[in-house]
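Observations on the model geometry
Take a look at the letters that make up each chain.
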Amino acid sequence: MSPAAKAQWQIHFCVLLWGFTAILGKMISLEALPIVWWRMLIVVVALALVPKMWRGLRAIPPRLLGAYAGIGVLVALHWLTFYGSIKLANASVGATCIALATPMTALLEPWLARRRFSTRELVIGIAALPGVALVVGGLPGSMHLGLAVGTVSALLVAIFGSLNKRLVEHADAMAVTALELGAGALTLALIAPALPWLFAPLAADIFAVPGARDTALLLALGLACTLLPFTLSLVALRHMSAFAAQLATNLEPVYAIILAALLLGEQRQLTPTFYAGAATILLAVFLHPLLSRSRAVTHAEILGTSEAKQLVD
């Protein structure tokens, strides 16, 4: 098998693993807040065992330490709202909302990452709006709050993804991931007591001790669905273009919705209107790489800290 063909299989395997993050979030009985905190802690502890991470961390200038830590706060809030959306609605809704990150990034990245504005990307962002309307119309009223929280999650992805793209090349990827997730876990521990007043639906006991089943699922979420695809995606992206990577990673919401139907039976909770809206949003997402010129990946490391995976273009 050629390196390029092997890379294609590797990146699709990564995307499949990322598709399981929404499913695992629904299966774990803990609330969204402790799920995110335990996930971040597991990844940080695992990275702390890697000597290369410590060498990379010591090499980061103090100014960048603060910048990466600030991005880590956004990562934590993204994951909190992502899993909050899943708990308040379901895995299919959470995954569909994350698909909105690409059109949002098209609007925010030129400003945050200091690159030229693209009219094409703005058109693609607008093309996703009818799908959003259909998704809202295809949901029962009890899931509307989950949809709103999921949309906030997508917005946070667009913001921190653009900032990561601007800064990640200045430090080792493992060190950046450990710093961001460590800062995110600390932030969640600090804001947890205030969540009942800030946003009660996401409030929970952050230090809730998981049972045996939840512990196994959290380890799978942290190691199999975070660290493993992070490392494997970096290997794959050495032998494939940004176009191919983007096209593959856009399949994550598709995988999540299919897995939710097969494993959780969520198709019984949602109407055909929802799926028509999800298909419209995904079509707009796919238009982005299809209409963009393929170019080499220069910031592959950003794939390590986001479910959205829409951030390399």
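About the criteria used
- Residues numbered from 1 in each chain as written.
- Predicted model: local features only at pLDDT ≥ 70, side-chain atom pairs only at ≥ 80, totals over all residues.
- Heavy atoms only, no water.
- Helix = DSSP H or I, 4+ residues; strand = E, 2+ residues; numbered from the N terminus.
- Buried < 20%, exposed > 50% of the residue type's maximum accessible area, 1.4 Å probe, protein only.
- Contact = heavy atoms within 4.5 Å.
- Areas by Shrake-Rupley, 256 points an atom, 1.4 Å probe, with all protein chains shown as cover.
- pLDDT = per-residue confidence, 0-100.
- Phe/Tyr/Trp six-rings, centres within 6.5 Å; stacked < 30°, edge-to-face > 60°.
- Lys NZ or Arg CZ within 6 Å of the ring centre and 35° of its normal.
- Salt bridge = Lys/Arg side-chain N within 4 Å of Asp/Glu carboxyl O.
- Axes fitted to C-alpha atoms, helices over the stretch in contact; angles between N-to-C directions.
- Parallel < 35°, antiparallel > 145°, perpendicular 65-115°, else oblique.
- Left-handed = near helix turned anticlockwise from the far one by under 90°.

Considerations on the overall build of the protein
Regarding its fold elements, the protein presents 15 helices and zero strands. Here the protein holds 313 residues, and 54% of them are scored as buried. In the protein, of all internal contacts separated by at least 6 residues, the share reaching a separation of at least 24 is 88%. For the protein, the accessible area works out to roughly 12,900 Å², and carbon and sulfur atoms hold 71% of it.

A look at the confidence of the model for the protein
Detail in the predicted coordinates should be disregarded across regions flagged by low pLDDT. Confidence along the protein averages 81 in pLDDT terms, with 84% of residues attaining 70 or more. When pLDDT is averaged over each element of the protein, helix H2 (residues 32-48) comes out on top at 95 and helix H13 (residues 242-249) at the bottom at 55. Across residues 293-313, where pLDDT falls below 50, the model places 81 contacts with residues more than four positions away in sequence or in other chains.

Thoughts on the packing of aromatic side chains
Scanning all chains against the criterion turns up four aromatic pairs. Consider the rings of Trp-37 and Trp-38, whose centres lie 5.1 Å apart with planes at 75 degrees: the pair is edge-to-face. Looking at Trp-38, the relative accessible area reads 22%, which means it is partly exposed. When the ring of Phe-274 is compared with that of Tyr-275, the centres are 5.2 Å apart and the planes differ by 85 degrees; the resulting orientation is edge-to-face. Its relative accessible area of 27% is what places Tyr-275 among the partly exposed residues. Arg-39 extends its terminal NZ or CZ atom over the ring of Trp-79, reaching a point 4.0 Å from the ring centre.

What to know about the pattern of salt bridges
Evaluated as defined, the whole model comprises two salt bridges. The salt bridge partner of Asp-172 is Lys-52, with a shortest N-O separation of 3.8 Å. Pair noted here: Asp-172 is in the loop between helix H9 (144-167) and helix H10 (173-191) and Lys-52 is in helix H3 (residues 51-58), with a separation of 120 residues, a long-range link. Judged by relative accessible area, which is 23%, Asp-172 ranks as partly exposed. Between Arg-213 and Asp-214 there is a salt bridge, with its nearest N and O atoms 3.9 Å apart.

With respect to the packing of helix H1 (residues 3-27) against helix H14 (residues 252-264)
Two elements in contact, H1 and H14, have axes whose closest approach is 8 Å; the angle formed by their N-to-C orientations is 50 degrees. Viewed along their axes, H1 and H14 adopt a mutual orientation that is oblique. For the pair H1 and H14, the sense of crossing is right-handed. Here His-12, Val-15, Leu-16, Trp-18, Gly-19, Phe-20, Thr-21, Ala-22, Ile-23, Lys-26 and Met-27 of H1 lie close against H14, whose contacting residues are Glu-252, Tyr-255, Ala-256, Leu-259, Ala-260, Leu-263 and Leu-264.

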